[in-house]
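Structural features, examined
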Amino acid sequence: MGRVLKFNRVKREKVLFDMIKKLFIKIFYEWKWICAYRTIDKNDKTLPRPEKKYKYNLIDMPRGYWAADPFVYQKDGNIDIFFELFDINKRKAFLGHKRLNKREKKIDIIYEFEGHTSYPCIFDFEGTLYIIPETKADEQLVLLECVGYPDKWIKKSVLMSKTNTVDSTPVKLSGKYKIFLYEENTLNIKVSTLSLGELDIKNGKVCNVVPIINYSKSIGRPAGNIIVDNDKMFRVTQLGIKHYGEGLSFLEFKYDNGLFVEQEVTQLLPEQIVVDSDEKIKGVHTFNRCGNIEIIDILTVGHFSLVRPVRYFLQKFGWFGFRDNDKLHKQVYREFPVSIRY
C-alpha cells in the first residue's frame with residue numbers, strides 16, 4: 001500500500017512539474033521560425049531520404065518578425081515566396097511576400113485578417129492564381145484571388161463558414177478539384193479528422209465534405225502542396241507527437257470510388273537539415289517545391305526572454321502602441337501591399 005501511495009505521489013509531482021515547466025516556457029520563452037530554401041533540378045521529384053542530409057539557405061527577415069509556412073511560385077523569371085509573417089511585438093500574423101531572386105531587403109504584407117492567419121496555399125486554376133490561407137481564428141475558409149501578381153490579392157469568397165479547419169490544401173483528382181480539410185478536436189488535440197470536399201472555385205464554395213480518416217495522434221495535418229510524380233501522389237504532413245513542428249511525414253495516397261488509403265514512404269527530420277548558421281534546429285513543418293526551388297521552415301531552439309511577459313501585459317491593456325488582438329477587430333493596413341524595408 002505504501003509503495004502505491006509513493007508511486008501516486010511521485011506521479012502527481014511529475015505531472016505538476018510538467019505543468020509548471022510548460023507554463024514557464026509559454027511565458028518566458030521566445031520561439032522563432034525561419035524559412036529556408038535550396039536549389040534542385042527542376043525535374044527532380046525525389047523525396048527526402050532518411051539517411052541523407054540537406055543543405056538549405058536561410059531567408060532573412062526584418063528585425064521584430066519571423067516567418068513560417070512558406071510556399072513558392074515562379075513566374076516571368078521571378079521566384080516569389082508567400083508565407084506567414086509574424087509580428088513579434090503585435091503578437092499577430094499576416095500573409096507575407098518576398099521576391100527571392102532580388103537582393104533588395106524588402107518584404108510585403110499582402111493581406112491581413114481580423115485574427116491569426118498563416119499557410120498561404122497558392123495554386124493556379126485556369127490561368128488565375130489563388131491562395132487559400134488558414135483563417136481558423138475567424139472561423140472561416142477564405143479564397144483569395146490574385147489581381148496583380150505577386151502582391152495584390154482580394155477576397156473572392158468565403159468557401160466555408162463556422163469552420164475550424166487548418167492548413168486546407170487543394171488537390172486535383174480525376175480531373176476535378178477537391179480540397180483536403182483537417183480539423184483538430186478542440187477537446188483533445190490528439191484526435192483529428194481529415195476530410196475531402198469538392199472545391200467549386202467558380203462559385204466560391206466547398207461542398208460535399210466527407211470525412212475520410214481519423215487520427216489518434218498529432219499526425220496527418222497538411223504541410224504543403226500535393227506532390228505529383230507520374231501516377232503517384234504524395235501528401236506532405238506534420239509530425240507532432242513529441243512536440244509541435246517535430247518533423248515532416250510524406251504519405252503516398254490513393255482515392256478511388258470514395259475509398260481513401262495512405263501510407264508513409266519517408267520523413268524529413270530536423271537532424272537532416274543543415275544551414276550555414278549557429279541556429280540550433282528544433283523542428284520543421286512545411287515543405288514546398290516549384291521549378292528548381294525547394295522551400296521549408298525551421299523552428300529554432302527558444303531562448304529565455306524577460307521581455308516576453310512584459311510585452312504580453314502591455315498588449316492585453318493596449319498600452320504604448322500594443323494591441324489586444326482578441327478585442328480589436330479591424331484591419332491595420334487598409335491598402336495592400338504594405339512594404340517593409342530593412
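Residues numbered from 1 in each chain as written. Predicted model: local features only at pLDDT ≥ 70, side-chain atom pairs only at ≥ 80, totals over all residues. Heavy atoms only, no water.

1. Comments concerning the overall build of the protein
Keep this limit in mind: Counting from the N terminus, the helices are the DSSP runs of H or I reaching at least four residues and the strands are the DSSP runs of E reaching at least two. Each residue is placed in one exposure class: buried if its accessible area under a 1.4 Å probe, protein chains only, is under 20% of its type's maximum, exposed if it is over 50%, and partly exposed if it falls in between. Should any heavy atoms of two residues lie within 4.5 Å, those residues are considered in contact. To be clear on the numbers: accessible area is Shrake-Rupley with a 1.4 Å probe, and residue cover counts the displayed protein chains and nothing else.
From N to C terminus, the protein includes two helices and 23 strands. Out of the 342 residues in the protein, the part that is buried amounts to 48%. In the protein, once contacts between residues fewer than 6 apart in sequence are set aside, the share between residues at least 24 apart is 51%. Accessible area for the protein stands at about 18,400 Å²; split by element, carbon and sulfur atoms hold 52% of it.

2. Thoughts on the pairing of strand β10 (residues 152-161)
Here is the rule: Two strands qualify as a pair provided that DSSP identifies no fewer than 2 bridges between them.
Two elements, strand β9 (residues 140-148) and β10, share eight bridges in a ladder whose sense is antiparallel. Along β10, the bridge assignment pairs Gln140 with Ser161. Here β9 folds back onto β10 in antiparallel fashion, the turn holding three residues.

3. Topic: the packing of aromatic side chains
Each aromatic ring pair is described using two quantities: the centre-to-centre distance and the angle formed by the ring planes. Applicable threshold: Aromatic contacts are taken between Phe, Tyr and Trp rings whose centres are within 6.5 Å, Trp giving its six-membered ring; a plane angle under 30 degrees counts as stacked, one over 60 as edge-to-face, and the others as tilted. Sitting over a ring, as applied to charges here, requires NZ of Lys or CZ of Arg to be within 6 Å of the ring centre and within 35 degrees of the ring normal.
Under the criterion given, the structure shown has 15 aromatic pairs. Consider the rings of Tyr111 and Phe336, whose centres lie 5.3 Å apart with planes at 15 degrees: the pair is stacked. Of this pair, Tyr111 sits in strand β6 (residues 106-111) while Phe336 sits in the loop between α2 (307-317) and β23 (338-341); the two residues are 225 residues apart in sequence, bridging distant segments of the chain. Each member of the pair Tyr111 and Phe336 is classed as buried. Joined through ring pairs, the aromatic side chains of Phe123, Phe125, Tyr130 and Tyr177 make up one cluster. Over the aromatic face of Tyr149 sits the side chain of Lys75, whose NZ or CZ is 4.9 Å from the ring centroid. The cationic tip of Arg235 hangs over the ring face of Phe180; the distance from NZ or CZ to the ring centre is 5.2 Å.

4. As for the sheet that holds strand β14 (residues 205-215)
Heads up, the condition is: Axis angles are defined between N-to-C directions and span 0 to 180 degrees, where every axis is a line fitted to C-alpha atoms and, for a helix, only to the segment in contact.
Strand order in the open sheet formed by four strands is β11-β12-β13-β14, and the pairing between neighbours is antiparallel. With one partner strand each, in any of the chains shown, β11 (165-173) and β14 form the two edges of the open sheet. Averaged over neighbouring strand pairs, the angle between their axes works out to 25 degrees when direction is ignored. Two elements, strand β13 (residues 192-200) and β14, share eight bridges in a ladder whose sense is antiparallel. Counted as the bridge partner of Leu199 is Val206 from β14.

5. Points about the environment of Lys53
Defined as follows: Each polar contact in these results corresponds to two N or O atoms within 3.5 Å; when the atoms are within protein, one needs to be able to donate a hydrogen and the other to accept it, and residues that are neighboring in sequence are counted only if both atoms are side-chain atoms.
Tracing the backbone shows Lys53 in the loop between β1 (29-39) and β2 (54-58). Distance in space between the C-alpha atoms of Lys53 and Leu269 is 9.5 Å, their sequence separation being 216 residues. Among all residues touching Lys53, those that are not within four sequence positions of it are Glu271, Gln272 and Val274. Looking at Lys53, its side chain comes within polar contact range of the main-chain oxygen of Glu271, at 2.6 Å.

6. Describing the nonpolar core
To keep things clear, this is the line we draw: Residues belong to one nonpolar core when they are buried, are Ala, Val, Leu, Ile, Met, Phe, Trp, Tyr or Cys, and are joined through side-chain atoms within 4.5 Å.
By size, the foremost hydrophobic cluster in this structure holds 19 residues, and its most contacted members are Ile59, Met61, Val72, Ile81, Phe83 and Leu85. Contributions of two or more residues to this core are made by β3 (65-75), β4 (78-87), β6 and β22 (293-304). Not counting the four nearest positions on each side in its chain, Val72 is found in contact with Ile79, Asp80, Ile81, Asn288, Arg289, Cys290, Ile293 and Ile295. Membership of the second largest hydrophobic core comes to 18 residues, among which are Ile34, Ala223, Val236 and Ile296.

7. Quick look at the sheet that holds strand β7 (residues 118-125)
With antiparallel pairing, four strands are arranged side by side in an open sheet as β7-β8-β9-β10. Lying at the two open borders of the sheet, with one neighbouring strand each, are β7 and β10. Taking each pair of neighbouring strands and ignoring which way they run, the sheet shows an average axis angle of 25 degrees.

8. Quick word on the confidence of the model for the protein
Put simply, the rule is: For every residue, the pLDDT score states the predictor's confidence, bounded by 0 at the bottom and 100 at the top.
Summary statistics for the protein give a mean pLDDT of 88 and a share of 83% for residues scoring 70 or more. Scored below 50 in pLDDT, residues 325-332 makes 15 contacts in the model with residues more than four places away or belonging to other chains.

9. Concerning the pattern of salt bridges
The condition that has to hold: Whenever Lys or Arg places a side-chain nitrogen within 4 Å of a carboxyl oxygen from Asp or Glu, that contact is recorded as a salt bridge.
In this structure the tally under the stated criterion is 15 salt bridges. Between Glu262 and Arg235 there is a salt bridge, and its shortest N-O distance comes to 3.2 Å. Residue Glu262 is located in strand β19 (residues 259-268), and its partner Arg235 is located in strand β17 (residues 232-239); the two are separated by 27 residues in the primary sequence. Salt bridges sharing common partners tie together Glu134, Lys136, Asp167, Glu184 and Arg221.

10. Let's talk about the side chain of His285
Position of His285 among the secondary structure elements: in strand β21 (residues 281-290). Side chain to side chain, His285 and Tyr244 meet in a polar contact 3.2 Å long. Those residues in contact with His285 that lie beyond four places of it in its chain are Trp33, Ala68, Asp69, Ala223, Gln238, Tyr244, Gly245, Leu248 and Asp297.

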